[in-house]
Amino acid sequence: MAELHDLTAADLAAKIKARDVSAREVTDAFLARIEAVESSVKSFITVTPEEARAQADAVDARIAAGDAVGPLAGVPVALKDNLCTVGVETTCASQILRGFVPPYNATVVEKLTAAGVISLGKTNLDEFAMGSSTENSGMFTTRNPWNLDKVPGGSSGGSAAAVAAGEAPLSLGSDTGGSIRQPAAFCGLVGIKPTYGRVSRYGLVAFASSLDQIGPFAHTVEDAALLLTAISGPDERDSTSVPRPVPDYTKALTGDVKGLRIGVPSEYFAEGISPEVRASVLSAIGILRGLGAQVDEVSLPYTDYALAAYYIVAPAEASSNLARYDGVRYGRRTERSSNHIDLFEKTREEGFGPEVKQRILTGTYALSHGYYDAFYLKAQKVRTLLRRDFEAAFEKFDLLVTPTAPTTAFGIGEKSDDPLAMKLSDICTIPANMAGIPALSQCCGFDTHGLPVGMQLMGPAFSEEVLIRAAYAYEQATDWHQRRAKL
Amino acid sequence: MSASGQAGCYNEAAVQKSTATLFCRRLSRLMALTPDDVRNVGSLARLALTEDETERLTHQLNDLLDQFARLQELDTDDVPPTSHAVPVAAMLREDIVRPSLPREAVIAMGPQVDEELGGFIVPQVLGE
């Protein structure tokens, strides 16, 4: 019989509801798994066993009393450490926030707590979510459970590794340029970046406010759909959340893709995509065609400019968002200051890591007087061109299928000295953030070294149901999602 | 503003002059960003940089600027900018007075606070 930590969230929830197992037993099983494998994987910055057990006992009490509980009651989750949690340190993997214990919860955390979901702790990330491997974490580097010498991807690498290692059945990440989808691909999971505005960003520590979205990691499409349903919806504390009712995304698990129009953008299969990744994704597209989807090629001619535009827009927003870390209201303060300017400059010098400093400087430069038009305004105009590319494609297609990342997981240290090579890792995922559209990554095979390959599905704004429908149909026709990393 | 005139927080004239100079340099491609330019941007961002960092960042920023130059290939004169991808009006909540976080909770995380007065302590700003 499979161990509890190998089960899907849907199976765990069903067992808890049927009283085959208690929420407390499930929580204890995952805490034991964390104890067993955490020293080799290093997914978590903070584990909260006492809080988790107390939450689990409360859920068990509700079930024993016959109270109606939600579809994920008693199921554990791991939270990326850029989501604010009352009473639990929230660091963004940055030394500048060491010791910060938020006085309020992120909206997604409140929603999950109300749904009886058990939080196991806070996962590692690239500092302030800036990176693609967790090597920019100000704490430590997380390892890929499929091969401990490889990165788990990033920035939500801790959240991805936690699920892939069986330390949690579900987790939440955030995605600004691929930070959910690329680690999902590297760790053989389903990861969803929802439409901008679908999920409240309240309590998500801001990186680039016009691009950030919170989303789920899971072993299966069904689990991801359950978690997405639980966290979506408008929020009066996030003025950019969209006032639109939330469907039950599990209703999209029909397995039917007959007549679905799938576009294959040639620009995403160009030079730079590894032959093994290309072959896996094309073969997956063949399976979708076999299931009745109509597949045709499409062109998104401005794709090539997305990376450059993103590396202006995201740092520009970051330089503004990260101005708040000044050593006055929270986090670290320098001990070397002689006046208030000195206090700001030295606190930030000591507290931020190299990648964050680079992005703050890039953003400050791009926004500074005399450069604004040439860089920031230009990038925003290119953003319009990228959006129009998608709008034109979605007149003819219901969704687009591409690789999630150009390669499978790379080695720890392999790209850490080459920032540009690292950034190319996000080349397939950045356009969806720039256009605000939803995108899903799922496993579509393994390379010759046994590392997972990710396939990306992108659809028009608020088409999450279509993505989930297609991904579920593909998943039912294959068995990649049943494999587990051996640790 | 300090007595020396050396910036309360922002010296508009100096910033305009230095950034305008930088811009001309980039456009004419006479030279790339220098370590001094990078230190200047660092000071705009209130970020002190060590010598090693300045050298590394000068190199990295110049690499990025080369990438950005590609965007100039595109004619965008008639293209409106996109600041938010999903065009919706900002959602506003009812304008009703409601309790905010208690003051103690807000100052609890400050590195240096005065609990009695309920405030954050910073180095002297006026009349240095």
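Residues numbered from 1 in each chain as written. Chains lettered and ligands numbered in written order. Predicted model: local features only at pLDDT ≥ 70, side-chain atom pairs only at ≥ 80, totals over all residues.

Caption draft 1: Spatial organisation of the confidence of the model for chain B. Residues and elements named next belong to chain B. Summary statistics for chain B give a mean pLDDT of 80 and a share of 73% for residues scoring 70 or more. Model confidence for chain B, summarised as mean pLDDT per element, is weakest for helix 1 (residues 12-28) at 50 and strongest for helix 2 (residues 35-44) at 96. Considering only residues more than four positions removed or in separate chains, one finds that residues 1-11, a stretch of pLDDT under 50, has 5 contacts. Note on the complex model: pTM 0.94, ipTM 0.90. (pLDDT = per-residue confidence, 0-100. Helix = DSSP H or I, 4+ residues; strand = E, 2+ residues; numbered from the N terminus. Contact = placed C-beta atoms within 7 Å.)

Caption draft 2: Quick peek at helix 15 (residues 464-477) of chain A. Residues and elements named next belong to chain A. Taking 1.5 Å per residue as the helical rise, helix 15 with its 14 residues ought to reach 20 Å, and the 20 Å between its terminal C-alpha atoms agrees with that figure. Within helix 15, 10 of the 14 residues are buried, which leaves the element mostly enclosed by the surrounding structure. Taken together, the buried positions of helix 15 are occupied by Glu-464, Leu-467, Ile-468, Arg-469, Ala-470, Ala-471, Tyr-472, Ala-473, Tyr-474 and Glu-475. Contacts from the buried residues of helix 15 go to strand 5 (190-193), helix 7 (221-231), helix 8 (275-290), strand 9 (399-403), strand 10 (439-446) and strand 11 (452-458). (Expected span 1.5 Å × (residues − 1). Buried ≥ 20, exposed ≤ 12 C-beta atoms within 10 Å, placed from the backbone.)

Caption draft 3: Spotlight on unusual backbone geometry. Along the chain, A:Gly154 connects to A:Ser155 via a cis peptide bond; the corresponding omega equals 10 degrees. Even without a glycine there, the phi angle at A:Thr134 is positive, about 70 degrees. Positionally, A:Thr134 belongs in the loop between strand 3 (118-123) and helix 5 (157-164). The backbone phi angle of B:Arg46 is positive, close to 55 degrees, even though this residue is not glycine. By secondary structure assignment, the location of B:Arg46 is in the loop between helix 2 and helix 3 (51-68).

Caption draft 4: Region of interest: the interface of chain A and chain B. Facing 65 residues of chain A, the contacting portion of chain B comprises 53 residues. Looking at which element gives the most residues to the side of chain A that touches chain B, the answer is helix 12 (residues 373-396) of chain A, with 11 residues. When grouped by side-chain class, the residues that make up the side of chain A that touches chain B number 32 nonpolar, 20 polar and 13 charged. (Nonpolar A, V, L, I, M, F, W, Y, C, P; charged D, E, K, R; others polar.)

Caption draft 5: Region of the structure containing the packing of helix 2 of chain B against helix 3 of chain B. Residue and element names in this part refer to chain B. At their nearest, the axes of helix 2 and helix 3 sit 9 Å apart, and the two run at 95 degrees to each other. As far as their axial angle goes, helix 3 and helix 2 are roughly perpendicular. Residues Pro-35, Val-38 and Arg-39 of helix 2 pack against Thr-54, Glu-55, Leu-57, Thr-58 and Leu-61 of helix 3. Partitioning the contact of helix 2 with helix 3 into residue classes produces 4 nonpolar, 2 polar and 2 charged. (Axes fitted to C-alpha atoms, helices over the stretch in contact; angles between N-to-C directions. Parallel < 35°, antiparallel > 145°, perpendicular 65-115°, else oblique.)

Caption draft 6: Representation of the sheet that holds strand 4 (residues 170-175) of chain A. Residue and element names in this part refer to chain A. On the basis of which strands lie adjacent, the open sheet formed by 11 strands has the order 1-3-2-4-6-5-10-11-9-7-8 and mixed pairing. The open sheet terminates on both sides in strands that have one partner only, identified here as strand 1 (44-47) and strand 8 (294-298). Sheet twist, expressed as the mean angle between neighbouring strand axes with direction ignored, is 30 degrees. By the bridge criterion, 5 bridges tie strand 7 (residues 261-265) to strand 8 in an arrangement that is parallel. (Pairing = 2+ DSSP bridges.)

Caption draft 7: Expanded view of the nonpolar core. All names here are of chain A. Val-77, Leu-189, Ala-309 and Ala-471 are the most contacted members of the largest nonpolar core, which has 165 residues in total. Broken down by element, the residue count for this core peaks at 10 residues, all from helix 9 (residues 306-321). Not counting residues within four places of it along the chain, the set of residues in contact with Val-77 comprises Leu-112, Val-117, Ile-118, Ser-119, Leu-120, Ala-168, Leu-170, Ser-171 and Leu-172. (Core = buried A, V, L, I, M, F, W, Y, C linked by C-beta atoms within 7 Å.)

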